[in-house]
Structure formats: structure tokens, C-alpha cells
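# Understanding the architecture of this molecule
Single-letter residue listing:
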Amino acid sequence: MEGRSPVLAVKGLTTQFVGRKNTTITVVDNIDLQVGKGETLGIVGESGCGKSVTSLSIMRLLGKNGRVVSGQVNFEGTDILTLEEKEMRKIRGNRLAMIFQEPMTSLNPVLTIGRQIGEVLQLHTHLGGEQRKQRTIELIAQVGIPRAQDIYNEYPHRLSGGMRQRVMIAMAMACQPQLLIADEPTTALDVTIQAQMLSLIRDMRAEAGMSVMLITHDLGVVAEMCDRVLVMYAGQVIESADVRTLLRRPKHPYTIGLIQSVPHNAKGERRLYAISGNVPSPGEWPQGCRFAPRCQEAMTICRTQSPPLSRLRDGSECRCWLHEPGAAAEGRDRM
């Protein structure tokens, strides 16, 4: 992130949930990340890796069973984890906004589109009623929804999935945030609508100069949208790099597997590659490297000792014993 001062700096973020019989389960484990001004950071990994919980921790929207137990979330120089909820509400939806994964469950089914977007403006601006209405209609049109005046009075169930997602973007952009967190913004949308959504986010980022944290499992989206990429696995960051380095020279066996799993039209005759096994559930993480049970390169040391997240010569970071020279020499025995 050279040349860019961070709008968001997360340090040592650890999040736990209360499980059955009041047991605590760690879901996000000591995460560090930064998002520079005007930058798009991609966070990738399979379902269950902790990507969405990381974003909800930053937004402080974990619900009653989840809590951040340690770490800092510095947004524009303020650790927002220390703020009272009243102060956090002034930031959330204003300078820090989020597009959620499923717009149908995020939008209130009994309120009109205009009312829901207008409430954001009412909470964070000093616009009067008629001014809010006009600004809301402008936002609806800005995100590419036709008949903005009519849509203002519609209810969410009357809109297609793509239009509902555009409404979510309009709500998030209403107050021109400094940072937009987009959690799988193209999930369940067809390919054409996906492209439109990504183009819209990219254009609005350029126009407003905002930063974006994009959570996705789609490496095609990462290649198109992101400046840097963070790869998560079982609650940890296991690799980070600028987007070109990560896609061309991935270091971690998990990242290599993710890239190999992407379908290639030119290789249609080949069987699609898949990483064996599944992401371990929180509370069932193995000893040592958490990817070791699925890793074809795993060594003896991987079973017993957790590797550090180390910076490599090209500036990328990787959590793997293969890139620790002393350990690699000691633990050549494969599992």
C-alpha cells in the first residue's frame, strides 16, 4: 500500500461467538489489514473462512452472540471499537457504509424504497423533507434504475434481484462514504447483472474517491476490481499481495489451489480442479497449520506448529512453512 495512507487499519482483530452451553468459539483470529485511500482491497476465501465476520466486526454489527475480544479498528484515525453505540451510529451508514450479501433480507419489506433510502439521509444530513425526496430520486437514478420517480414509491418485493442490489448501493452511497464494504455484492445475480454491479461500484469509487473493501470468493471479480488481495482460511490471513503478484505468483498452497479451481474456457476438455476436503469449522481447527489436512505439500512440522505470517522478498506475505527456509529444511518429510 505504498504511497497511500490508510483510511482503515485493523490490528490484531479477534472475534468470538457464544456457542452451545456458553462455550466461546473464535471465528476471526488475530487479523491485520489496511485499506488505503482510493484503494480497493479484496478479501477472498471459501465460505466459512471468516470473511463476512471480519466485515461485521468492523461495522460492529455482530449481534448479541458475537463480540470482538481483542484488537483495534482504526477508521480515519479513530479506534471505533472504543466508541459508544450512539457515536458509532453517526459513522455507520455515513462515512463507513456496507452493502450486504442478500438485499432481500437487508431491505425492510413493509417500507417503500424511497422511505428506506430517505431514512439514511434523514439520519446523517440536514436536508428537509422535499430535499430528501429529490436527493433520493437522484440516487435511484444514479445507480441505473429506470423510472426513478416510480421506483421511489415501490416496495422491495416488486423489484428484481439486480434492482434490489442497486437500491442497496444507493443506500450505501447516499452520504458519500470514505469506505464502502461490499460483502459478496454479486451473489445470486446472473453474469450480465454481475458485470453491471461491478462497473457501478468501480465508477462510483472513481467519482467519489472512496475506498472499497470487497469480500468475494470469485477470483475473476478480484482480478477486475482490486488493487490488493487478502486470502483468508479458517479465521486467519494466510496470504496477502498486490493483485498481479497474487494471481501470477501465488505462494500459499491454498491460494494456488483456489486459482487452479477457476474454470478456463481454453481448457474445457480438462476435469475441473478442486481442493480436497472442507474448511474446518470454528472450534475444530487442527493443531499446527490449519490447511495442513488438505495440503498436498504438508510436512511434518505443519502438523504441530502454526506458521507465522512472514513478509517475502517481493513484498507479499505468506503463512506457510514452505517459505520459512529453516523450517522447510527441517521438515522435509511429507505427511
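Read on for a plain summary of the structure. All of these numbers come straight from a predicted model, not from anything done at the bench. (Residues numbered from 1 in each chain as written. Predicted model: local features only at pLDDT ≥ 70, side-chain atom pairs only at ≥ 80, totals over all residues. Heavy atoms only, no water.)

### Some details on the side chain of Glu154
Mapped onto the elements, Glu154 comes out in the loop between helix H6 (148-151) and helix H7 (161-173). Not counting chain neighbours up to four residues away, the residues in contact with Glu154 comprise Thr112, Ile113 and Leu159. (Helix = DSSP H or I, 4+ residues; strand = E, 2+ residues; numbered from the N terminus. Contact = heavy atoms within 4.5 Å.)

### Section: helix H5 (residues 129-142)
In a regular helix each residue adds 1.5 Å, so 14 residues correspond to 20 Å; H5 covers 20 Å between its end C-alpha atoms and thus fits that length. For H5, every residue scored as buried is listed here: Thr136, Ile137, Leu139 and Ile140. Axial view of H5: buried residues confined to an arc of 160°, hence all on one face. Elements in contact with the buried residues of H5: helix H4 (113-124), H6 and H7. Following H5 by one or two positions, Gly144 has its phi on the positive side, about 85°. (Expected span 1.5 Å × (residues − 1). Buried < 20%, exposed > 50% of the residue type's maximum accessible area, 1.4 Å probe, protein only. Arc of directions from axis to C-beta.)

### Focus: the sheet that holds strand S5 (residues 78-79)
Taken in spatial order, the four strands of this open sheet run S2-S1-S4-S5, and their pairing is antiparallel. Where the open sheet ends on each side, the last strands, each with one partner, are strand S2 (24-36) and S5. Across the sheet, helix H1 (residues 51-59) is in contact with strand S1 (6-18), S2 and strand S4 (66-75); its angle to S1 comes to roughly 110°. (Pairing = 2+ DSSP bridges. Axes fitted to C-alpha atoms, helices over the stretch in contact; angles between N-to-C directions.)

### Observations concerning the sheet that holds strand S7 (residues 179-183)
If you walk across this open sheet you meet the eight strands as S6-S7-S8-S3-S9-S10-S12-S11, and the pairing is mixed. Unpaired on one side and paired on the other, strand S6 (96-99) and strand S11 (310-311) mark the two borders of the sheet. Seen against the sheet, H1 touches strand S3 (40-44), S6, S7, strand S8 (211-216) and strand S9 (228-233) and runs at an angle of roughly 150° to S6. Lying on the sheet, H7 is in contact with S6 and S7; it crosses S6 at an angle near 175°.

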